[in-house]
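A look at the structure
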Amino acid sequence: MIPEIGHYALILALSMAIIQSVLPLIGAQQAKASWIAVARPAAQGQFAFVLVAFGCLTYAFITNDFSVQYAASHSNSQLPIEYRIAAVWGGHEGSLLLWALMLAGWTFAVSILSKNLPDEMVARVIGVLGLVSVGFLLFLLLTSNPFDRLIPAALDGRDLNPLLQDPGLIIHPPMLYMGYVGFSVAFAFAIAALLSGRLDAAWARWSRPWTTAAWCFLTIGIALGSWWAYYELGWGGWWFWDPVENASFMPWLIGTALIHSLAVTEKRGSFKNWTVLLAIIAFSMSLLGTFLVRSGVLTSVHAFATDPARGVYILGFLAVTIGGSLFLYAVRAPSVSKGGEFSMLSRETLLLSNNVLLVVACGTVLLGTLYPLLLDALDMGKISVGPPYFNSVFVPLMMPLLFLIGLAPFVRWKKANLGELARLLRWAFCVALVVALLLPFTMGEWHWMVSLSLLMAMWIIVTAMLGFIRRVKRGNGLKGISMSYYGMQIGHLGMAVFVIGVAMIGGYQTEKDVRMEIGDVTSVGGYTFRFDGVVDQAGPNYQATRGYIQVMKDGENVMLMHPEKRIYNVQTMPMTEAAIDSGFTRDLYVSLGEPVSGGAWSVRIYHKPFVNWIWGGCALMALGGLFAICDRRYRIASRQRKEAEKRKMATANKGSSGDATGTAAVAREAKV
Amino acid sequence: MKSRHKRMVFIVVGLAALAGAVGLIMNALQSNINHFFSPTEVHANAAPTDRSFRLGGLVEVGSVQREDDGLTVHFRVTDNAETVPVTYTGILPDLFREGEGVVAQGKITSDGVFMADEVLAKHDETYMPPEVAEALEKAELAKAEAANGAAAVEPAAVQPAAQSQEGK
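Residues numbered from 1 in each chain as written. Chains lettered and ligands numbered in written order. Predicted model: local features only at pLDDT ≥ 70, side-chain atom pairs only at ≥ 80, totals over all residues.

Quick word on the overall build of chain B
The condition that has to hold: Each helix is a run of H or I in the DSSP string that is no shorter than four residues. Each strand is a run of E no shorter than two, and both are numbered from the N terminus. Burial in this document is a count-based property: other C-beta atoms within 10 Å of a residue's C-beta are tallied, and the residue is buried at 20 or more, exposed at 12 or fewer, or partly exposed in between, with C-beta positions derived from the backbone. In this description, any two residues whose backbone-derived C-beta atoms lie within 7 Å of each other are considered to be in contact.
When its secondary structure is counted, chain B shows 3 helices and 7 strands. Moving toward the C terminus, one meets the helices and strands of chain B in the order α-β-α-β-β-β-β-β-β-α. Taking all 168 residues of chain B together, the buried fraction comes to 38%. For chain B, long-range pairs separated by at least 24 residues make up 55% of all intrachain contacts whose partners lie at least 6 apart in sequence.

What about the overall build of chain A?
Spelled out, the test is: With the radius of gyration taken over C-alpha atoms, the globule rule is written as 2.2 Å times the number of residues to the power 0.38.
The helix and strand inventory of chain A stands at 20 helices and 11 strands. Its C-alpha atoms give chain A a radius of gyration of 27 Å, within 12% of the compact-globule value 26 Å for 672 residues. Considering only C-alpha atoms, chain A reaches an extent of 85 × 75 × 55 Å along its principal axes.

Quick look at helix α10 (residues 243-268) of chain A
Residues and elements named next belong to chain A. Going by this rule: Multiplying 1.5 Å by the helix residue count minus one yields the expected span of that helix.
For α10, with 26 residues, the first-to-last C-alpha span of 37 Å sits near the 38 Å given by 1.5 Å per residue. Of all 26 residues making up α10, 23 are buried, and the element is well covered by its neighbours. The first or second residue beyond α10 is Gly-269, which carries a positive phi of 75°.

What to know about the nonpolar core
Keep this limit in mind: A set of buried residues qualifies as a nonpolar core if it consists of Ala, Val, Leu, Ile, Met, Phe, Trp, Tyr and Cys joined through C-beta atoms within 7 Å.
Residues Ala-100, Ala-186, Phe-189, Ala-279 and Ile-460 of chain A are the most contacted members of the largest nonpolar core, which totals 193 residues. A per-element tally of this core places helix α8 (residues 167-196) of chain A first, with 18 residues. Once residues lying within four places of it in the same chain are set aside, the contact partners of Phe-189 of chain A are Val-125, Trp-203, Trp-206, Ser-207, Trp-210 and Ala-279 of chain A. Leu-55, Val-77, Ala-133 and Leu-136 of chain B belong to the second-largest nonpolar core, a separate cluster that totals 29 residues.

Describing the sheet that holds strand β11 (residues 600-609) of chain A
Residue and element names in this part refer to chain A. Put simply, the rule is: Criterion used throughout: strands pair if DSSP finds at least two bridges between them. Here the axes come from fitting lines to C-alpha atoms, over the contacting stretch only for helices, and the angles between their N-to-C directions go from 0 to 180 degrees.
The antiparallel open sheet is built from 4 strands, whose spatial order is β2-β11-β10-β9. Because the sheet does not close on itself, it has two edges, and the strands there are β2 (510-516) and β9 (579-582). Each neighbouring strand pair of the sheet contributes to a mean axis angle of 15°, computed without reference to strand direction.

A closer look at the confidence of the model for chain A
Defined as follows: A residue's pLDDT is the confidence the predictor assigns to it, expressed on a 0 to 100 scale.
Mean pLDDT for chain A: 87, with 92% of residues reaching 70 or above. Residue range residues 650-672 of chain A is modelled with pLDDT below 50. Its contacts to residues more than four positions away, or to other chains, number 30 contacts.

Describing the packing of α8 of chain A against helix α11 (residues 272-294) of chain A
Residue and element names in this part refer to chain A. Rules: For a crossing to be left-handed, the near helix must be turned anticlockwise from the far one by less than a right angle; the clockwise case is right-handed. Only Asp, Glu, Lys and Arg are considered charged, only Ala, Val, Leu, Ile, Met, Phe, Trp, Tyr, Cys and Pro nonpolar, and every remaining residue, Gly among them, polar.
Between α8 and α11, the shortest axis-to-axis distance is 8 Å and the interhelical angle comes to 140°. Crossing of α8 over α11 shows left-handed handedness. Across the interface between the two elements, Tyr-180, Phe-183, Ser-184, Ala-186, Phe-187, Phe-189, Ala-190, Ala-193 and Leu-194 of α8 pack against Val-276, Ala-279, Ile-280, Ala-282, Phe-283, Ser-286 and Gly-289 of α11. Taken together, the residues of the contact of α8 with α11 break down into 13 nonpolar, 3 polar and no charged.

With respect to the environment of Ala-192 of chain A
Residues and elements named next belong to chain A. Here Ala-192 shows up in helix α8. Residue Ala-192 is classed as buried on the basis of its C-beta count, with 27 C-beta atoms lying within 10 Å. Counting along the chain gives 150 residues from Ala-192 to Ala-42, while the straight-line C-alpha distance between them is 18 Å. If we skip the residues at most four places from it in the chain, Ala-192 touches Met-121, Arg-124, Val-125 and Val-128.

Here's the deal with unusual backbone geometry
Most peptide bonds take the trans form, and the phi angle of most residues other than glycine is negative. Residue Pro-152 of chain A is bonded to the preceding Ile-151 of chain A through a cis peptide linkage, with omega at -5°. Relative to the assigned elements, Pro-152 of chain A resides in the loop between α7 (119-143) and α8. Phi is positive for Asp-159 of chain A, close to 80°, though the residue is something other than glycine. Examined against the element boundaries, Asp-159 of chain A turns out to sit in the loop between α7 and α8. Phi angles above zero are rare outside glycine, and Asn-45 of chain B is one such case at about 60°. Inspection of the secondary structure puts Asn-45 of chain B in the loop between α2 (39-43) and β2 (53-59). For Asn-45 of chain B, a count of 8 C-beta atoms within 10 Å translates into the label exposed.

A short note on the environment of Pro-93 of chain B
Residues and elements named next belong to chain B. Mapped onto the elements, Pro-93 comes out in the loop between β5 (83-89) and β6 (101-108). Overall, the presence of 20 C-beta atoms within 10 Å leaves Pro-93 in the buried class. For the pair Pro-93 and Leu-120, spaced 27 residues apart in sequence, the C-alpha to C-alpha distance is 7.0 Å.

Digging into the environment of Thr-545 of chain A
All names here are of chain A. Position of Thr-545 relative to the elements: it lies in strand β5 (residues 542-553). Taking the C-beta count within 10 Å as the criterion, Thr-545 has 18 such neighbours and is therefore assigned partly exposed. Taking the C-alpha atoms as reference points, Thr-545 and Trp-215, separated by 330 residues in sequence, lie 41 Å from one another. When residues no more than four places from it in sequence are discounted, the contact partners of Thr-545 are Val-534, Asp-536, Glu-564 and Lys-565.

What to know about the packing of α8 of chain A against α10 of chain A
All names here are of chain A. We apply this condition: Angle categories: roughly parallel below 35 degrees, roughly antiparallel above 145, roughly perpendicular from 65 to 115, and oblique for all the rest.
α10 packs onto α8 with a crossing angle of 45° between their chain directions and a minimal axis gap of 11 Å. Classified by the interaxial angle, the pair formed by α8 and α10 is oblique. At the point where α8 passes α10, the crossing takes the left-handed sense. From α8, Leu-176, Tyr-180, Phe-183 and Ala-186 reach across to α10, where they touch Ser-248, Pro-251, Gly-255 and Leu-258. Looking at the contact of α8 with α10, its residues break down into 6 nonpolar, 2 polar and no charged.

Quick word on helix α3 (residues 39-62) of chain A
Between its terminal C-alpha atoms α3 of chain A stretches 34 Å, which fits the 34 Å expected from 24 residues at 1.5 Å a residue. The first or second residue beyond α3 of chain A is Asn-64 of chain A, which carries a positive phi of 55°.

Focus on the confidence of the model for chain B
Residue and element names in this part refer to chain B. When pLDDT is averaged across chain B, the result is 77; 80% of the residues are at 70 or more. With pLDDT under 50 throughout, residues 150-168 is counted as low confidence; its partners more than four residues away or in other chains account for 43 contacts. As scored by the predictor, the complex reaches a pTM of 0.88 and an ipTM of 0.76.

Focus on the pairing of strand β7 (residues 564-568) of chain A
All names here are of chain A. Relative to β7, β5 runs antiparallel, the two sharing 5 bridges. In the sheet register, Ala-544 faces β7, and the bridge partner there is Arg-566. Summarising the sheet, β7 and strand β8 (residues 574-577) pair through 4 bridges and their orientation is antiparallel. Along β8, the bridge assignment pairs Ile-567 with Pro-574. The antiparallel hairpin formed by β7 and β8 contains 5 residues in its connecting segment, where Thr-572 sits at a positive phi of about 40°.

And the structure:
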C-alpha cells in the first residue's frame, strides 16, 4: 500500500510540476497576475508530493519491504538501519528520486526566499525550474520507477554493495546532488533573464548567492567523494580521473568560472552575455554528468543495450535543454547592452583570464572523458585515457590560474598600473619564492614540481595577508571589511591549502607492499610497523579478519592499528578496510592484502604527508563561499528594494516578515 | 582602448590559449592512450610490443601461483581460446579470483609474458568489465565457426551486468 501511495504522489508531483511550469511562464509573458501567483504554491505543492514519495520509499527500506523491486535489489534485513536509509539512494532509481527531491527542495527555497524579487521574475525562475522537474519526474516514472513491485516478494534483499556501506555514502551523494541541482537555480535565473530581456546587475545580484550556495555544496560533495575513495577503496589515492569523478568535476570548474564572472557582472555590468552562457553551460555539465553516470554509457557505449530507454531519454532531455537554452541565448544575447569599458590590465581582464583557463580546463577534462566513448561508438577500438593525460594537461593550465589568484585582488577595476602593482607585490613574491625554494629541503628531497606548486600556494597566502593588512590600515580596522572580502580570501586560502596537500602527496608519499610474518618489522616514513598477527571477529553483517599492527617511532610504541579484511554475508564479497591514523601533517595508512604461506600476510603501508590538507582546503573553499553568501550587501539591497516597494504599494502584504531576508536564510540553509 | 581593438586582442589571446591547449592535449593524448586487447589478439600479434596496453579476459582456473616473497603472482589470462601468462608484483584487488574477469595494464616482454603494473579491481560481485565480456563473446564466436557447425554454441556466455556506478 505504502509504495503505491509513493507512486501516486510522484504522479501528482508531475502534474504539479506541469502546472508550476506552464501557468507562471505564460502568465509572466502576458502579465497575468493571477497566473503568476500560481508559481509559489505550485512549487511548494510539488515539493510536498516529492517529499511524500521519497518518504514512502524510505519507509519500504526501513521496514524491509522486499516486495518493492528496488528495495529487494539494494537492501537486506541484516543491514544496519543507517545503511538501510542510505541504501535508498544506493542505486539508480533511488538516486534519481533524491535528485528530484533536491530539485523540488531548491525550488521550494526559491519560492520562500524570494519575497524581495519582482513576482514576474520569480514566476519565470520557478517556471523554468518546473520544466526541469517535469523532465526528471517523467524520466523516473517512465523508465526508472523505484516503486515497481516484485511479485512474489523476495524473502530477503540482495544487499547494498559493501563498498557503499559507509558513513561517507550517507552524506556524499546528497551533498553532491545539492550542488549539481543547485546550478539549476542559476540556470533558471539566466533563462528567466533572457526571457524577460532584463539582464542587468540586479539580476546578477539575485543569482549570485544561489550560485555560490550550489558551488559550496558541490565542493563539499566532491571532497567527500574523494575522501571516501581514499579510505574505502583501499587504494590510498585521493583522485583517479575516473569518468564518474570527472562528471562531478566539470560542473565544478564551470561553476567556479561562473561565480567569478557573476562578480564582474554585478560590480561592473560587464560580461553579461558570457555570464548567462556560463550559467547555461554549468547546468548542462550537471546534466551531462547525470547522463554519463546514470545511462551506463561510461564503461562502454554498448551498455546502452542493457537499458536503451534510459540512455536515450537522458540524451534527448540533454539535447532539448541545451539546444533550447542556447537557441534562446542566440536570439536574445545580441540585444544585451555592453557593460563598462576596461583596459588590458584591469581586474576585469584577469577575471576573464580566470574564466578562459577554467573553461579550457573543463574542455580538456571533457575531451579525455568522452574520447574513449567516441572511439568506441565509431568502432575504432577500445581505449582508456589514463591519469597521465589529465595530469599533463591539467596541471600546466592550473599554474597560471593560481598565480592570478594572488594577483587579481590587488588589481583595480577598469584600469590598473603595472608599475604600481610590481612595487606593491615584489616583496610578497620574494617571500613566497624563498619559502618555496627552501621548504622542500626540510622534507629531505627537492623536486621542482613541489617547489613550483609551493611557490603558487605561498604566493596566494602571502598576498592574502598583505591584502588583509592593507584593508585594515585603509579602512577603520576590522569593521570596514565586508563578509564577501573575507569569503574571497578564505576561499583563495583554501585553494592554497589544497595545492600544498597535493604537492606534498605528489612529491613525498611513500608506499610499501610487504610480506609480513608475525613479529616482522618494516619501516616507512620514519615509523616502524610490527605485524602482530590477525584475529577473527564478527561484525553486524560481515565476518572480519582483524590485523594487529604495532606502530613505533624512535623505539617507543605510538599506537596499534587495525586494518581489516571483511567478507560480507550476503554478497560474499571481500572488502579491505584500511586502518588510517590521521594527522595534521601526515596520515599513516595500513591495509591488509591477503594471507600468504605460513600465517604471513601481504600488507600495504603508506606514509602520506599533508594528505588531509587536500580536503581541508576544500572545506575552506566552501567556508569562503558561505561567508560570501552572508554578505550584508545582499540584505541591504533587498531591504532598500522592499522599502521602495512598500512605498509604492501602501497596502503592504503582512505576510513578508521584516528582517528575514533571502540571503541570510540561504546561509542558514547552507549550514543545515 | 577602443572596444574594437579590445575585441581583437581578446580574440588573439583566446586563439593563442586555445592553440596552446590543443597542442598540450594532442601531445598528452598521443602518449597516454591505452588500447585494449584480448588474448586472441595478443597471439595474433595485434598488440604493441613497445608500449603499454590493457589485457583483459578471465583468470584461468588453477593458474594462479605465488612466489615465496608472497607478493609476486603469476597467472594466465584467457578468453577461452588463447591464454597469455601474466606476472604482477603487489597486492591484488579484493575481487581478483580464478575464473573471474580481470583487466591488467602493462607491457608484454619478448618471451610473451605480460608484465602487469596494475591489475584493475571491479567494484561489484556481479560486474564483468564490458571489454572483457565482448572479448569472450568474440572468442566464443570464432571457436564456434572453427568447429564448423558442431553442436550449437551459446554465444554471449557472459552478459555485462549493470555496473554499480555508485562504486565509481
